[in-house]
Amino acid sequence: MFREMRRKNQALSREECVDILNRATSGTLAVSGDDGYPYAVPLSFVYNDNKIIFHCAKKGHKIDAIRRSDKVSFCVIDADDVVPEEFTTYFRSVIVFGRARILENDEIRAAINTLSEKYDFGDYDARKREIDKFFPALCMVEISVEHMTGKEAIELKAK
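In this text, all values refer to a predicted model and were calculated from it rather than measured experimentally.

**Examining the packing of helix H3 (residues 106-119) against helix H4 (residues 124-134)**
Contact geometry of H3 with H4 gives a least axis separation of 11 Å together with a crossing angle of 135 degrees. Taken together, H3 and H4 sit at an angle that is classed as oblique. You can see that H3 and H4 cross each other, and the crossing is right-handed. Between H3, through Arg 109, Ile 112, Asn 113, Ser 116 and Glu 117, and H4, the contact on the second element is made entirely by Arg 127, Ile 131 and Asp 132. A class-by-class count of the residues in the contact of H3 with H4 yields two nonpolar, two polar and four charged.

**With respect to helix H1 (residues 14-23)**
Cys 17, Val 18, Ile 20 and Leu 21 are the residues of H1 that are buried. In an axial view of H1, the angular spread of the buried residues amounts to 160 degrees, which keeps them on one side of the axis. Buried residues belonging to H1 abut strand E3 (46-48), strand E5 (71-83), strand E6 (88-102), H3 and strand E7 (139-152).

**Details of the sheet that holds E6**
Spatial ordering of the open sheet is given by E2-E1-E5-E6-E7-E4-E3, a layout of seven strands whose pairing is antiparallel. A single partner strand is all that each edge strand has here, and the edge strands are strand E2 (38-43) and E3. Direction aside, neighbouring strands of the sheet carry axes that sit 35 degrees apart on average. Relative to E7, E6 runs antiparallel, the two sharing 11 bridges. When the bridges of E7 are listed, Arg 99 appears paired with Ser 144. Each of E3, E5, E6 and E7 touches H1; the most contacted strand, E7, lies at about 135 degrees to it. Packing of H3 onto the sheet brings it into contact with E3, strand E4 (51-56), E6 and E7, and relative to E4 it is tilted by some 100 degrees.

**Notes on the packing of aromatic side chains**
Summed over the entire model, instances satisfying the criterion amount to two aromatic pairs. On the numbers, 5.5 Å between centres and 40 degrees between planes, the contact of Phe 2 with Phe 97 is tilted. On the criterion of sequence distance, the pair formed by Phe 2 in the segment before H1 and Phe 97 in strand E6 is long-range, its members being 95 residues apart. The partly exposed category is assigned to Phe 97, whose relative accessible area is 31%.

**What about the nonpolar core?**
Across soluble globular proteins, you tend to see nonpolar side chains buried next to one another. The biggest cluster of nonpolar side chains holds 29 residues, and the ones touching the most others in it are Leu 29, Phe 45 and Phe 54. Of all elements in the fold, only H1, strand E1 (27-32), E2, E4, helix H2 (61-68), E5, E6 and E7 reach the threshold of two or more residues within this core. The leading source of residues in this core is E7, at five residues. Membership of the second largest hydrophobic core comes to 10 residues, among which are Val 46, Ile 108, Leu 138 and Met 140.

**Overview of H2**
Those residues of H2 that sit buried are Lys 62, Ile 63, Ala 65 and Ile 66. Mapping the buried residues of H2 onto a view down its axis gives an arc of 160 degrees, with all of them on the same face. Tucked inside the fold, the buried residues of H2 contact E1, E2, E4, E6 and E7.

**Looking at the state of the cysteines**
In total, this model carries zero disulfides according to the counting rule given. Of the cysteine sulfurs around Cys 17, a residue in no disulfide, the closest is that of Cys 75, at 11 Å. A relative accessible area of 1% places Cys 17 in the buried class. In this model Cys 56 remains outside any disulfide bridge; the closest cysteine sulfur is found in Cys 139, 4.0 Å from its own.

Rules used in this analysis
Residues numbered from 1 in each chain as written. Predicted model: local features only at pLDDT ≥ 70, side-chain atom pairs only at ≥ 80, totals over all residues. Heavy atoms only, no water. Axes fitted to C-alpha atoms, helices over the stretch in contact; angles between N-to-C directions. Helix = DSSP H or I, 4+ residues; strand = E, 2+ residues; numbered from the N terminus. Parallel < 35°, antiparallel > 145°, perpendicular 65-115°, else oblique. Left-handed = near helix turned anticlockwise from the far one by under 90°. Contact = heavy atoms within 4.5 Å. Nonpolar A, V, L, I, M, F, W, Y, C, P; charged D, E, K, R; others polar. Buried < 20%, exposed > 50% of the residue type's maximum accessible area, 1.4 Å probe, protein only. Arc of directions from axis to C-beta. Pairing = 2+ DSSP bridges. Phe/Tyr/Trp six-rings, centres within 6.5 Å; stacked < 30°, edge-to-face > 60°. Core = buried A, V, L, I, M, F, W, Y, C linked by side-chain atoms within 4.5 Å. Disulfide = S-S within 2.5 Å.

Following this line, the structure appears as structure tokens:
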């Protein structure tokens, strides 16, 4: 169903991909947008239990696209170092394919807590107040990972 990576010698292991997803603070979600145009948008996320979780508004381009088609992809760039003297870039990235689902009821509270824990630096009470303040307008989306690949520049593989 999913294409195999063409340059397999540059492939990252699943564990390396998961490490990248766990340390990254942003990624780009791609959906099937309006009139068949792709729509890609950067967002904050958390990777948890083979799922990517993010928040968004209850209305807008992204959520409309997910409602039309749950098939999405998500990309994280872990390294992007231009090396002009070698006419190349030392890169490392992960691409995820999966199905997006808009969470409901109690799932929303659990998901926002999981997401906020990634970005919280210890002030639980302030985090809880912020979540409670915006909770009525909050929409949470979960991507169930169906396929994940990671790739890095051949020069990084050699290191």
